[in-house]
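Here is how the chains run, residue by residue.
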Amino acid sequence: MTDAPHARVREPGNAASIALAILVHVALAILLIYGVHWKTEIADVIEVDLVRQIPSPEPVAKVEPEPKPEPKIEPKPTPPPPPPKPDIALKEKEKPKPKPVPPKPVPWSKSDPFKQQLLDEEKRLVTQKQLADDERKLRQQREAQAATARSKGLATYTDRIRAKIRGNIMLPPDLKGNPSAIFEVVQLPTGEVISTRLVKSSGHIGYDTAVERAILKSSPLPRPDDPGLFARNLSLTFCPIEDGKCS
């Protein structure tokens with residue numbers, strides 16, 4: 001058996017590859033053409049839309065400006081008071097005030113008897129008042145002189161009585177210091193002693209008794225030179241040492 005020549009067998013993969021390559025190139029060409037055409041159309045449409053369909057501008061809302069805060073007005077500092085002007089300048093500026101003009105007396109006629117009588121009566125009253133004042137002052141002066149003279153005369157009269165009584169006092173031997181005793185003596189105008197009363201004790205019974213005995217022994221007491229100085233009741237103070245410092 002003779003072998004027949006082998007038929008050339010085509011590889012199935014080559015045909016498919018070629019076909020696929022052709023399809024890819026065709027699709028790529030279509031895409032390029034379509035893409036250029038689409039870009040051109042889109043550019044035309046966009047250009048027409050931009051020219052013909054410009055949207056009307058929307059009304060812009062008016063924005064009111066915010067009110068500005070009012071600036072705070074700070075109080076202006078009070079200027080310091082001007083320095084006082086010297087007294088000399090004030091005195092120079094002060095104008096002398098006019099002196100008040102005294103009212104002019106109303107002229108009256110001297111021949112008016114009624115007015116003349118009033119003047120005479122006024123003068124008489126002034127004279128009487130002056131005389132009364134002078135008399136009052138003279139009377140007060142005389143009374144003061146009389147009181148002084150009476151006080152001196154009474155002191156002299158009392159000292160004479162106390163001197164006579166003191167000469168009759170027998171001091172006790174145990175007496176110390178200078179105590180004082182006050183006695184009230186009642187007498188007659190003739191000087192005779194009616195009674196004695198111890199008003200304040202010296203604190204030493206013996207001295208009080210000695211003074212009381214001396215008062216009764218001194219009766220009648222000396223009489224004043226002026227009968228007007230006589231006193232029925234006498235208050236007499238006695239102390240052993242008559243130096244004006246009786247305790």
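Being a predicted model, the structure only gives us computed values, none of them experimental.

Criteria and thresholds
- Residues numbered from 1 in each chain as written.
- Predicted model: local features only at pLDDT ≥ 70, side-chain atom pairs only at ≥ 80, totals over all residues.
- Heavy atoms only, no water.
- Helix = DSSP H or I, 4+ residues; strand = E, 2+ residues; numbered from the N terminus.
- Buried < 20%, exposed > 50% of the residue type's maximum accessible area, 1.4 Å probe, protein only.
- Contact = heavy atoms within 4.5 Å.
- Areas by Shrake-Rupley, 256 points an atom, 1.4 Å probe, with all protein chains shown as cover.
- Patch = residues over 30% accessible without salt bridge, like charges linked within 9 Å, V, L, I, M, F, W, Y side chains within 5 Å.
- Salt bridge = Lys/Arg side-chain N within 4 Å of Asp/Glu carboxyl O.
- Polar contact = N/O pair within 3.5 Å; in protein donor to acceptor, adjacent residues only side chain to side chain.
- Core = buried A, V, L, I, M, F, W, Y, C linked by side-chain atoms within 4.5 Å.
- Pairing = 2+ DSSP bridges.

Trainee: Mind showing me how you'd approach the overall build of the chain here?
Mentor: A count of helices and strands for the chain gives four helices and three strands. Written out in order from the N terminus, the α and β elements of the chain read α-α-α-β-β-α-β. Each of the 247 residues in the chain was classed as buried or not, and the buried ones make up 15%. Across the chain, the fraction of contacts at a sequence separation of at least 24, relative to all contacts at a separation of at least 6, is 73%. Of the accessible surface of the chain, which amounts to about 22,000 Å², a share of 62% is contributed by carbon and sulfur atoms.

Trainee: Just checking my understanding: could you explain a nonpolar patch on the surface for this structure?
Mentor: Nonpolar side chains collect at one region of the surface, where I18, I22, V26 and I30 lie side by side and expose about 380 Å² of accessible area between them. With respect to the element layout, I30 can be found in helix α1 (residues 12-52). For I30, a relative accessible area of 52% puts it in the exposed group.

Trainee: When you look at the environment of H204 in this model, what are you seeing that I'm missing?
Mentor: Along the chain, the position of H204 falls in the loop between β2 (193-200) and α4 (205-217). With 23 residues separating them in the primary sequence, H204 and A181 have C-alpha atoms 9.1 Å apart. Not counting chain neighbours up to four residues away, the residues in contact with H204 comprise P172, D174 and L175. Among the polar contacts listed, one links the side chain of H204 to the side chain of D174, at a separation of 3.2 Å.

Trainee: What's the story with the pattern of salt bridges in this structure? I'm lost.
Mentor: Counted under the stated rule, the structure contains five salt bridges. The residue E121 makes a salt bridge to R124 at a minimum N-O spacing of 2.2 Å. Here the residue E121 and the residue R124 both occupy positions in helix α3 (residues 113-166), the gap between them amounting to three residues, near one helical turn. For E121, a relative accessible area of 34% translates into the label partly exposed. For R124, a relative accessible area of 38% translates into the label partly exposed. Between R136 and D133 there is a salt bridge, with the nearest N and O atoms lying 3.9 Å from each other. Of this pair, R136 and D133 both sit in helix α3, three residues apart, roughly one helical turn. Taking relative accessible area as the criterion, D133 reaches 25% and is therefore assigned partly exposed.

Trainee: Can you walk me through the nonpolar core in this structure?
Mentor: Nonpolar side chains in soluble globular proteins tend to end up buried together. Of all hydrophobic cores here, the largest spans 18 residues; its most connected members are I165, I215 and F238. Contributions of two or more residues to this core are made by α3, β1 (181-187), α4 and β3 (233-238). Broken down by element, this core gets its largest block of residues, five residues, from α4. Setting aside its immediate chain neighbours within four residues, I215 contacts I165, F183, V185, V193, T196 and F238.

Trainee: Before we go on, may I ask you to explain the pairing of β1 in this structure?
Mentor: Side-chain direction in a regular strand flips from residue to residue, so the side chains alternate between the two faces of the sheet. Most of β1 is tucked away: five of the seven residues are buried. Relative to β3, β1 runs antiparallel, the two sharing six bridges. Directly across from E184, in β3, lies its bridge partner S235. Pairing analysis gives six bridges linking β1 to β2, with the strands arranged antiparallel. Each residue of the ladder has a partner; that of V185, found in β2, is T196. Counting the residues between successive antiparallel strands, the hairpin from β1 to β2 contains five residues, one of them, G191, with a positive phi of roughly 95 degrees.

Purely geometric numbers; function is a separate question.
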